[in-house]
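Chain and residue survey
The lines below spell out each chain.
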Amino acid sequence: MKKFFSFLTVMCVVLTASAQSETPVEKHKVTTNSFWANWFVQANIVGSSFWGSQEASSVKFSKLTKDYRTNLGLSIAVGKWFTPGIGLRTKMNGFWGRSIVSEDKALNANKYWTLQEQVMLNVSNMLLGYNEQRCWNFIPYAGGGIGHNITSHSNAMGLTLGLLNTFRITNKLAANLDINYGFYEPDFDGNPACHIKESSLKNKDRVINVEVGLTYNLGKSTWKHAPDIESMQALTQGELDALNAQLQDILAENERLNAEFEARPQEQQEVRTDTVTKMLTAPVSVFFPLNKAVISSRRDLQNVAALVDIARQNGTRLLVTGYADSQTGNADYNRKLSQQRADVVADEIVKMGFDRSQIDIVAAGGVDILNPQPYNRRTLVEIKQ
């Protein structure tokens, strides 16, 4: 009987390992959120330095901090991350600027605003994988839109390149450091006397902004890592292969014991047969992929076939119970999915020559009996006592 107790020990070890292991996940993949998830708003204080098209090719870096070309402003933005690495942002910036007509900051003062649509790339998530606990996210972006000079009532199209750095405070709140460079058509500064008609990248009104502020995430702000289905299936299949090997050892041992016990008294044979039958009639699981009623591996049916043979030989009924993962889908959906999974396995049992009328089918719906959670996507086959 040592073989039988060894089989029970292996079963316990496998189930314990399953309960303690974490679900394998894809580093660079997440599950899809709803459209209303992952929105955010931002508000920043802005320090800006301006220079005009007439001096764009000659301004030295040391002059960019002169008070006659710098001013403070504000920016506000609303945006959405469509994936952890790609997002869009609508941003408004202003409202106190400079037109560089002299070295007198009062004479240079004007009012303006810009409105742009910007594409953002979270390089940290794209290269390192999504991590909601990451302290620093490195996010370059580019955008375009319109600039309006309120003082001179002029408009100009413009483009911006920038780098947004966010520093996590909580899942809802982050600090911003946004550095960006914009260039606009010469009407942007509202100074027609300085306009240059020649179209050139050198002949643009420019602005450098350094912004500091906060990002607040609206609604659901995190992503759920997608399970690594291939790894889970490999893990599950490895466990099943181990159990299959143990089962084959037991069947071989049964054959040897059959020959050994044939000469024994009838009452001893009955005791032995009852013990073997109990050991071999343990419930068998058949696993399924997420949201599907298609059997993950046909190997699962090998153990089902052994159980079907015992049920047929002893004239007993089979109980087929379908399950779904309670963490995905609502209750009605999971109940229907568990019914479909149970029906699929019942159909396979019938193909093995078992009478359909001797099968009881139960749809258990979504459950969290096993850990990792994906193991609950299964159908359980057992001999009905």
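As for the overall build of the chain
- On a plain count of helices and strands, the chain comes out with 7 helices and 14 strands.
- Counting all 385 residues of the chain, 42% fall into the buried class.
- Contacts in the chain between residues far apart in sequence, at least 24 positions, make up 71% of those at least 6 positions apart.
- Only carbon and sulfur atoms are counted for the fraction: they give 60% of the accessible area of the chain, which is about 20300 Å².

Digging into the pairing of strand β2 (residues 39–51)
- By the bridge criterion, 11 bridges tie β2 to strand β3 (residues 70–81) in an arrangement that is antiparallel. When the bridges of β3 are listed, S48 appears paired with N71.

Re the pattern of salt bridges
- Across all of its chains, the model carries 11 salt bridges by this definition.
- Residue K351 is joined to E348 by a salt bridge in which the shortest nitrogen-to-oxygen separation is 3.6 Å. One end of the pair, K351, and the other, E348, are both in helix α7 (residues 331–351), 3 residues apart, so they sit about a helical turn from each other.
- For K351, a relative accessible area of 66% corresponds to the exposed category.
- Salt bridges sharing common partners tie together R89, K91, D178 and E211.

Let's talk about the confidence of the model for the chain
- Summing up the model confidence of the chain, the mean pLDDT is 83 and the portion of residues at 70 or higher is 76%.
- Contacts from residues 1–22, a stretch scored under 50 in pLDDT, to residues over four places away or in other chains number 26 contacts.

Some thoughts on the sheet that holds β2
- The 8 strands lie next to each other as β2-β3-β4-β5-β6-β7-β8-β9, forming a closed barrel whose pairing is antiparallel. For this sheet the average axis-to-axis angle between neighbouring strands, irrespective of direction, equals 25°.

A word on the packing of aromatic side chains
- Applying the stated rule across the entire model yields 11 aromatic pairs.
- Among the aromatic residues, those joined into a cluster by ring pairs are F50, Y112, Y184 and F188.
- Looking at K80, its charged tip hangs above the ring of F35, at a distance of 5.5 Å from the centre.
- When the ring centre of Y323 is taken as reference, the NZ or CZ atom of R378 above it lies at 5.0 Å.

A word on the pairing of strand β5 (residues 109–121)
- Only one face of β5 is covered, namely the one carrying N110, Y112, T114, Q116, Q118 and M120; the face carrying A109, K111, W113, L115, E117, V119 and L121 has none of its residues buried.
- Looking at chain direction, β5 and strand β6 (residues 136–149) are connected through 9 bridges and run antiparallel. Residue pairing for β6: M120 is matched across the bridge by Y141.

Topic: a nonpolar patch on the surface
- A cluster of nonpolar side chains, namely F35, W36, F82, I86, L88, V119, L121, M126, L127 and L128, defines an oily patch on the protein surface of about 1000 Å² accessible area.
- If you list the elements that add at least two residues to the nonpolar patch, you get β4 (86–98), β5 and α3 (123–128).
- Here the nonpolar patch takes 3 residues from α3, the largest share from any one element.
- In this fold, I86 is placed in strand β4.
- In this structure I86 comes out as partly exposed when scored by relative accessible area, which is 41%.

Rules behind the numbers
Residues numbered from 1 in each chain as written. Predicted model: local features only at pLDDT ≥ 70, side-chain atom pairs only at ≥ 80, totals over all residues. Heavy atoms only, no water. Helix = DSSP H or I, 4+ residues; strand = E, 2+ residues; numbered from the N terminus. Buried < 20%, exposed > 50% of the residue type's maximum accessible area, 1.4 Å probe, protein only. Contact = heavy atoms within 4.5 Å. Areas by Shrake-Rupley, 256 points an atom, 1.4 Å probe, with all protein chains shown as cover. Pairing = 2+ DSSP bridges. Salt bridge = Lys/Arg side-chain N within 4 Å of Asp/Glu carboxyl O. pLDDT = per-residue confidence, 0-100. Axes fitted to C-alpha atoms, helices over the stretch in contact; angles between N-to-C directions. Phe/Tyr/Trp six-rings, centres within 6.5 Å; stacked < 30°, edge-to-face > 60°. Lys NZ or Arg CZ within 6 Å of the ring centre and 35° of its normal. Patch = residues over 30% accessible without salt bridge, like charges linked within 9 Å, V, L, I, M, F, W, Y side chains within 5 Å.

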